[in-house]
Amino acid sequence: MSVPDFQTLRGMPDRGTVVGKSGDGGIDGTIREDALGLDEVYVQAKKYSEDQTVGEPALRDFAGAIDAAATNKGEFVTTASFTKAARDYVARSPKSIVLIDGEDLARLMVAHDIGVRTRDTIKIKRIDEDFFSEE
């Protein structure tokens with residue numbers, strides 16, 4: 001199964017690109033924040049097992065990568081979680097870096113119907129008071 005690129009995920013052509021490959025400089029993709037393409041957000045994605053964590057060194061490397069790309073905005077997405085040191089580093093960094101851990105990622109996938117399927121639909125019923133009203 002191939003991974004869809006940013007352009008096809010939400011029907012927004014030319015709003016993002018996938019870069020991630022060997023020699024990508026620590027950037028897996030870019031998202032144009034506005035329609036004119038004036039602000040770009042750089043994305044790093046790491047697939048780890050549930051019991052692993054992303055530490056401060058990985059965030060330092062990412063901050064360096066977005067610095068080298070002459071931008072200040074980034075999103076670091078992981079299927080795992082971030083250590084306290086990693087979160088503290090981002091909090092004091094002059095860069096604007098958003099951290100999305102596995103739980104956040106799952107919530108976003110469900111909220112935006114990306115990579116998920118509806119298994120069951122539940123109907124919730126209530127009494128129709130108008131049906132029983134006297135006329």
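Residues numbered from 1 in each chain as written. Predicted model: local features only at pLDDT ≥ 70, side-chain atom pairs only at ≥ 80, totals over all residues. Heavy atoms only, no water.

Spatially, 5 strands are ordered β1-β2-β3-β5-β7 in an open sheet, and the strand pairing comes out mixed. Edge positions in the sheet fall to β1 (16-18) and β7 (96-100), since each of these pairs with one other strand and no more. Each strand of the sheet is rotated relative to its neighbour by a mean of 20°, with strand direction disregarded. Looking at chain direction, β1 and strand β2 (residues 29-32) are connected through 3 bridges and run antiparallel. Counted as the bridge partner of Gly16 is Ile31 from β2. Packed on one face of the sheet, helix α4 (residues 102-111) meets β5 (73-78) and β7 and runs near 80° to β7. (Pairing = 2+ DSSP bridges. Helix = DSSP H or I, 4+ residues; strand = E, 2+ residues; numbered from the N terminus. Axes fitted to C-alpha atoms, helices over the stretch in contact; angles between N-to-C directions. Contact = heavy atoms within 4.5 Å.)

The final tally for this structure, using the stated rule, is 3 aromatic pairs. Arranged with centres 5.6 Å apart and planes meeting at 85°, the rings of Phe62 and Phe76 form a pair that is edge-to-face. Taken as a pair, Phe62 in helix α2 (residues 56-68) and Phe76 in strand β5 lie far apart in primary sequence, 14 residues in all. Grouping residues by exposure puts Phe62 and Phe76 together as buried. Considering the side-chain rings of Phe131 and Phe132, the 4.9 Å spacing of their centres and the 85° angle between planes classify their relative orientation as edge-to-face. Relative accessible area serves as the criterion here: at 64%, Phe131 is assigned to the exposed category. Residue class for Phe132 comes out exposed when judged on its relative accessible area of 59%. Feature note: the residues Phe62, Phe76 and Phe82 constitute an aromatic cluster, connected by ring pairs. (Phe/Tyr/Trp six-rings, centres within 6.5 Å; stacked < 30°, edge-to-face > 60°. Buried < 20%, exposed > 50% of the residue type's maximum accessible area, 1.4 Å probe, protein only.)

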